[in-house]
Amino acid sequence: MKKRTTDKKTAVVTGASSGIGKEIAANLTEKGYTVVNVSRTESENADFFPCDLSDPVQTENTAKQIIQKYGKIDLIVNNAGLGISGATELLPQESVRHVMEVDYFAPLLFTRALLPAVPAGGKIVMISSACALFALPYRGVYCSAKAALNMLSFGLRMELKHNQIDVVSVCPGDIRSNFTENRLKYADTNERYGKRVVGAQEKVDKREHKRMDVRKASKKISKIILKKKGALYIVGAKYKLLYFCSRVFSQNFMLKMTNKIFQPKEKN
């Protein structure tokens, strides 16, 4: 396959078939990018490379195919992600590993495989989560996966600075998309947790109508992707405030605060 010869910039977006990724891809297309969608589902206005990002072999092979076709990759947006909730003690091991594959190892392997094609002036964006900044009850696995993604982003930023490749981590807060619906939910409990597992999930799900509109949020994220140069950006006023508090108050105080916000109240 011959490499394309074009002056247009090429952006590779994982999970660009729905939700935030779809809107980001549309925004980048409007800005003149040739957009590549890497996901399991095809989408409009993007060159489609089917891939199960939880499979390391598929992930690396897909990256090689993209490089073979385009030669130069100006922008990588690691957007694909998967949530999980439930009592950490009782979560199925295979589900924990699957989430870690999608949320951490896929961006790591995909970025490493594409890096040889990223020129000076290129950019790598990790779509993380506000959950990377604060530990939450019954979502510890997801929080830790996204926290690891942030640390990966910061490390790459330092390593690639001399090559003039920018690396940015974006942490969206509550966004109204299909992410909540697709989250792996486990209601398994025992006498240690009682009804708190389901209660915590219901408390989060009931806020769906209060979440930021996906198009509005994606425009903010796209603006960060295209213009901003900082290491970390948070999307959502509530989570910006919580992050500010985390820089001022002790970790113990923050754990009590987030536990009070996200833990269901005990019923007599």
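Presented here is an overview of the structure given in this document. Keep in mind that this is a model prediction, so the values were computed, not measured. (Residues numbered from 1 in each chain as written. Predicted model: local features only at pLDDT ≥ 70, side-chain atom pairs only at ≥ 80, totals over all residues. Heavy atoms only, no water.)

Some details on the side chain of Ser153
- Relative to the helices and strands, Ser153 is located in helix α4 (residues 140–160).
- Ser153 sits in the buried class, given a relative accessible area of 1%. (Helix = DSSP H or I, 4+ residues; strand = E, 2+ residues; numbered from the N terminus. Buried < 20%, exposed > 50% of the residue type's maximum accessible area, 1.4 Å probe, protein only.)

So, the pairing of strand β1 (residues 10–14)
- Of all five residues making up β1, five are buried, and the element is well covered by its neighbours.
- Both faces of β1 are covered, namely the face carrying Thr10, Val12 and Thr14 and the face carrying Ala11 and Val13.
- Here β1 runs beside strand β2 (residues 34–39); their pairing, made up of five bridges, is parallel. Across the sheet, Thr14 pairs through a bridge with Val38, a residue of β2.
- As for the winding sense of the linkage, the β-α-β connection from β1 through helix α1 (residues 19–30) to β2 is right-handed.
- Here three bridges tie β1 to strand β4 (residues 75–78), and the two strands are oriented parallel to one another. Looking across to β4, one finds that Val13 is bridged to Val77. (Pairing = 2+ DSSP bridges. Right-handed = clockwise from strand over helix to strand, strands pointing away.)

Description of the pattern of salt bridges
- This model, assessed by the stated rule, comprises eight salt bridges.
- Between Asp47 and Lys69 there is a salt bridge whose closest N-O contact spans 2.6 Å. Within this pair, whereas Asp47 is found in strand β3 (residues 47–50), its partner Lys69 is found in helix α2 (residues 56–70), the two being separated by 22 residues in sequence.
- One network of salt bridges, in which partners are shared, links Asp174, Arg211 and Lys238. (Salt bridge = Lys/Arg side-chain N within 4 Å of Asp/Glu carboxyl O.)

Quick look at the sheet that holds strand β7 (residues 166–172)
- In space, the seven strands of this open sheet follow the order β3-β2-β1-β4-β6-β7-β11, with parallel pairing throughout. Edge positions in the sheet fall to β3 and β11 (232–235), since each has one partner strand and no second. Each strand axis lies, on average, 20° off the axis of its neighbour in the sheet, ignoring direction.
- Pairing of strand β6 (residues 123–127) with β7, which is carried by five bridges, proceeds in the parallel orientation. In the sheet register, Lys123 faces β7, and the bridge partner there is Asp166.
- Here α2 sits on the sheet in contact with β1, β2 and β3, set at roughly 150° to β3. (Axes fitted to C-alpha atoms, helices over the stretch in contact; angles between N-to-C directions. Contact = heavy atoms within 4.5 Å.)

Here's the deal with the environment of Leu232
- As for its placement among the helices and strands, Leu232 is situated in strand β11.
- Classification of Leu232 by relative accessible area gives partly exposed; the value is 23%.
- On a C-alpha basis, the gap between Leu232 and Asn150 in space is 8.4 Å, while along the polypeptide they are 82 residues apart.
- Contact partners of Leu232, with chain neighbours within four places excluded, come to Leu133, Asn150, Phe154, Ser169, Cys171 and Tyr243.

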